[in-house]
Amino acid sequence: MSKSKSILITGGAGFIGSHLVKKLIKDYPNYRILNLDSLTYASNLKNLENCKSSINYKFIKGDIRELEFLQELFQSNNFDIVIHLAAESHVDNSIDNPFQFISTNIKGTHNLLETARQSWGKNKKEKLFYHISTDEVFGSLAIGGKFSEKSNYDPRSPYSASKAASDHLVRAYYHTYSLPVVISNCSNNYGPAQHFEKLIPLMIKNIINKKTLPVYGDGKNIRDWLYVEDHVEAIDLILHKGKIGETYLIGGENEKKNIDLVLKLIKMTDSILGRSEGFSNKLINFIPDRPGHDYRYAIDNSKIKDELGWKPKTPFELGLDKTIRYYLGL
Ligand SMILES: NC(=O)c1ccc[n+]([C@@H]2O[C@H](COP(=O)([O-])OP(=O)(O)OC[C@H]3O[C@@H](n4cnc5c(N)ncnc54)[C@H](O)[C@@H]3O)[C@@H](O)[C@H]2O)c1
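The following paragraphs examine the structure supplied in this document. Since the structure is predicted, the reported quantities are computational estimates derived from the model, not experimental observations.

**Topic: the overall build of the chain**
Logical step 1: Counting its secondary structure elements, the chain contains 10 helices and 12 strands.
Logical step 2: In terms of overall size, the chain behaves like a compact globule, its C-alpha atoms giving a radius of gyration of 20 Å where 330 residues would be expected to give roughly 20 Å.
Logical step 3: For the chain, the C-alpha atoms occupy an extent of roughly 65 × 45 × 40 Å along the three principal directions.
Logical step 4: Across the 330 residues of the chain, 54% fall into the buried class.

Quick look at the structure:
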């Protein structure tokens, strides 16, 4: 059995966080998991209903923007590991109201880093601050090429800029204070329990309810999609085998044009609902493009594959099928 560890997960009531909490509780019964989340609109504690009875799990409502609260929390818990997922995560919201993104993603991350540094002091052996980030920090790709760990930062939305700033702070704490950190930057996740503001759940909901399907611009922007449980497996590997101070990129090797994704969702959802093929195509509505809309993201997975033996496992059709059935309550 693995050695006992005390782990603080921030943002564990969100989409990726809830999948991570469930996996760690199940696979590491002797880890103590404390899920800290301020329960914004994006969270859903119902996704963790089954965890409530686990003796190795505790939830605490709290805000990473509150430094004193964090200091008290670290004083009363001897955390070995912080896995930091709490963030404002929706690009469109960051365009409408950037303030929350700056305060949570930058100030909140800094509060956590500083609290971990103060709390761990010189006793940093076997400690880890694991920061979860996004490939959006690298900006937009043209048709060729992929992002790698060596790519330059070039964020283009308030969301990606705030995540980029948080990545820089994490690295600064590694170089300046020797805080043991690791960072991973992942491509677009999808799967059950994602908030309806995000592309795939929104489309599924609207297809089910015969509502219009808003698609930005000409729909030709390309995203790389990864099933959330594959991301969580990568996090588990990095947590246990990643090297301190390193960055790992995680991608689905699964690039899709937005319009092709929407057409696939229509086909699969209509088919499950017993509708005729193409029934919901008429719902597609091209809307003016998002300002600063990144054209393409793609990830070179070589490092995590070669060093840690990870690869995306879930075939896209299978992942989408599970996701659609989840939203249909099947
Ligand atoms: N979803 C993706 O496709 C994706 C891809 C790569 C990286 N990421 C990163 O992974 C992390 C999790 O993403 P997600 O999609 O699960 O996000 P999410 O929006 O579903 O969940 C974020 C969680 O953070 C919590 N939170 C927000 N502000 C907080 C605060 N001030 N204090 C405490 N908790 C707070 C929310 O209540 C929510 O439960 C984020 O850091 C995001 O940048 C997401």
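From this point, the discussion proceeds with the structure in view.
**Looking at the site of the ligand**
Logical step 1: Surveying the vicinity of the ligand reveals 29 residues, the closest of which are Ile16, Asp37, Ser89, Tyr159 and Lys163.
Logical step 2: Between the ligand and Ile64 there is a distance of 3.1 Å, counted from a nitrogen atom to a backbone nitrogen or oxygen.
Logical step 3: Between the ligand and Ala87, the relevant distance is 3.5 Å, taken from an oxygen atom to a main-chain nitrogen or oxygen of the residue.
Logical step 4: When isolated, the ligand has an accessible area of 840 Å², and the protein chains bury 97% of it.
Logical step 5: Of all the secondary-structure elements, those providing two or more residues to the shell around the ligand are α1 (15-27), β5 (128-134), α5 (158-177) and β7 (188-190).
Logical step 6: Ranked by residue count, the leading element in the shell around the ligand is β5, at 3 residues.

**A short note on the packing of aromatic side chains**
Logical step 1: Here the structure, examined in full by the defined rule, presents 12 aromatic pairs.
Logical step 2: The rings of Phe138, Phe147, Tyr153 and Tyr297 are connected pair by pair, giving a single aromatic cluster.
Logical step 3: The ring centre of Tyr177 lies 4.0 Å from the NZ or CZ of Arg117, which sits over that ring.
Logical step 4: One residue, Lys303, lies across the ring of Tyr248, its end atom 4.8 Å from the ring centre.

**A look at empty space enclosed by the protein**
One way to see where empty space is left: roll a probe the size of a water molecule over the atoms.
Logical step 1: This model, assessed by the stated rule, comprises 1 cavity of 30 Å³ or more.
Logical step 2: Here the largest cavity defines a volume of roughly 50 Å³.
Logical step 3: As for the largest cavity, its lining consists of Val91, Glu136, Ser157, Arg223, Arg290, Gly292, His293, Asp294 and Tyr297.
Logical step 4: Within the lining of the largest cavity, the residues separate by chemical class into 2 nonpolar, 3 polar and 4 charged.

**What about the packing of helix α6 (residues 199-208) against helix α8 (residues 258-272)?**
A pair of packed helices is captured by two measures, namely the crossing angle of their axes and the spacing between those axes.
Logical step 1: The contact between α6 and α8 brings their axes to 10 Å, and the two run at 45 degrees. As summarised for this structure, α6 and α8 are arranged oblique, according to the angle between their axes. When the axes of α6 and α8 are compared, the crossing they make is right-handed. Within the contact between the two elements, α6 uses Leu199, Ile200, Met203, Ile204, Ile207 and Ile208 and α8 uses Asn258, Leu261, Val262, Leu265, Ile266, Thr269 and Asp270.
Logical step 2: Its residues assigned to classes, the contact of α6 with α8 shows 10 nonpolar, 2 polar and 1 charged.

**Notes on the nonpolar core**
Logical step 1: Core analysis: the largest hydrophobic core is formed by 35 residues, its most contacted members being Ile9, Ile83 and Tyr130.
Logical step 2: With 7 residues, helix α7 (residues 228-241) is the largest single contributor of residues to this core.
Logical step 3: Counting 21 residues, the second-largest nonpolar core is a separate cluster that includes Ile207, Leu265, Ile266 and Phe316.

**Thoughts on the environment of Leu261**
Logical step 1: Mapped onto the secondary structure, Leu261 falls in helix α8.
Logical step 2: By relative accessible area, which is 0% here, Leu261 ends up buried.
Logical step 3: Counting along the chain gives 36 residues from Leu261 to Trp225, while the straight-line C-alpha distance between them is 9.9 Å.
Logical step 4: If we skip the residues at most four places from it in the chain, Leu261 touches Leu199, Ile200, Trp225, Phe316 and Leu320.

**A closer look at the sheet that holds strand β9 (residues 222-227)**
Logical step 1: If you walk across this open sheet you meet the 3 strands as β7-β9-β11, and the pairing is mixed. Here the strands that pair on one side only, and so sit at the sheet edges, are β7 and β11 (255-257). Averaged over all adjacent pairs, the angle separating strand axes in this sheet is 50 degrees, with direction ignored.
Logical step 2: Across 3 bridges, β7 lies against β9 in parallel orientation. Directly across from Asn189, in β9, lies its bridge partner Leu226.
Logical step 3: In the packing of α8 onto the sheet, contacts are made with β9 and β11, and the angle to β11 comes to roughly 85 degrees.

**Quick notes on the pairing of β9**
The two faces of the sheet receive side chains in turn, since in a regular strand these alternate between them.
Logical step 1: With 6 of 6 residues buried, β9 is to be regarded as a mostly interior element.
Logical step 2: Of the two faces of β9, the one holding Ile222, Asp224 and Leu226 and the one holding Arg223, Trp225 and Tyr227 are both buried throughout.
Logical step 3: Sheet analysis places β9 next to β11, joined by 3 bridges and oriented antiparallel. Bridge pairing links Asp224 to Glu255 in β11.

**Considering α1**
Logical step 1: An ideal rise of 1.5 Å per residue puts 18 Å on 13 residues; α1 measures up with 19 Å between its terminal C-alpha atoms.
Logical step 2: Across the 13 residues of α1, 10 count as buried, placing the element largely inside the fold.
Logical step 3: All buried positions along α1 are accounted for by Phe15, Ile16, Gly17, Ser18, His19, Leu20, Val21, Lys23, Leu24 and Ile25.
Logical step 4: The inward-facing, buried residues of α1 abut β1 (5-10), β2 (31-37), β3 (57-61), β4 (81-84), β7 and α7.

Definitions and limits used
- Every chain's residues receive numbers from 1 upward, in the order its sequence appears when written.
- Note on the predicted model: pLDDT of at least 70 is required for a residue's local features to be given, and 80 or more for side-chain atom pairs to be given and counted; whole-chain, interface and lining totals, by contrast, use all residues.
- Side-chain metrics rest on all non-hydrogen atoms present in the structure, leaving aside hydrogens and water.
- Segments assigned H or I by DSSP are reported as helices when at least four residues long, segments assigned E as strands when at least two residues long, and all are numbered from the N terminus.
- Atoms counted for the radius of gyration: C-alpha only. Globule rule: 2.2 Å times the number of residues to the power 0.38.
- Each residue is assigned to one of three classes by its accessible area relative to the maximum for its type, calculated with a 1.4 Å probe on protein chains only: buried under 20%, partly exposed between the two thresholds, exposed over 50%.
- Distances are taken per atom, and a residue is near a molecule or strand as soon as one of its heavy atoms is within 4 Å of it.
- In protein, a polar contact requires one atom able to donate a hydrogen and another able to accept it; more generally it is a pair of N or O atoms within 3.5 Å, and residues adjacent in sequence count only if both atoms are side-chain atoms.
- Per-residue and other accessible areas follow the Shrake-Rupley method at a 1.4 Å probe size, with only the shown protein chains counted as cover for residues.
- Aromatic rings from Phe, Tyr and Trp, with only the six-membered ring used for Trp, were paired whenever their centres fell within 6.5 Å, and each pair was classed as stacked if the ring planes differed by under 30 degrees, edge-to-face if by over 60, and tilted otherwise.
- Consider the ring centre and the ring normal. A charge sits over the ring if Lys NZ or Arg CZ is within 6 Å of that centre and within 35 degrees of that normal.
- Lining residues are those with an atom within 4 Å of a point, where the points come from a 1 Å grid over the protein atoms alone and group into cavities, where a 1.4 Å probe fits but cannot get out, or pockets, open sets with protein on both sides within 12 Å along at least five of seven lines.
- Grid points are joined across faces, edges and corners, and a volume is the space filled by probe spheres set on the points.
- Residues were grouped as follows: Ala, Val, Leu, Ile, Met, Phe, Trp, Tyr, Cys and Pro as nonpolar; Asp, Glu, Lys and Arg as charged; and all remaining residues, including Gly, as polar.
- In this analysis, axes come from line fits to C-alpha atoms, helices being fitted only over the stretch in contact, and the angle between any two N-to-C directions falls in the range 0 to 180 degrees.
- Note that the term roughly parallel is reserved for angles under 35 degrees, roughly antiparallel for angles over 145, roughly perpendicular for angles of 65 to 115, and oblique for everything else.
- Two helices crossing with the near one rotated counterclockwise from the far one by less than a right angle form a left-handed crossing, whereas a clockwise rotation gives a right-handed crossing.
- Residues are treated as being in contact if the distance between any of their heavy atoms lies within 4.5 Å.
- Put simply, a nonpolar core is a bunch of buried Ala, Val, Leu, Ile, Met, Phe, Trp, Tyr and Cys residues held in one set by side-chain atoms that sit within 4.5 Å of each other.
- Strands qualify as paired when DSSP identifies two bridges or more between them.
- For a helix, the expected span equals 1.5 Å multiplied by the residue count minus one.

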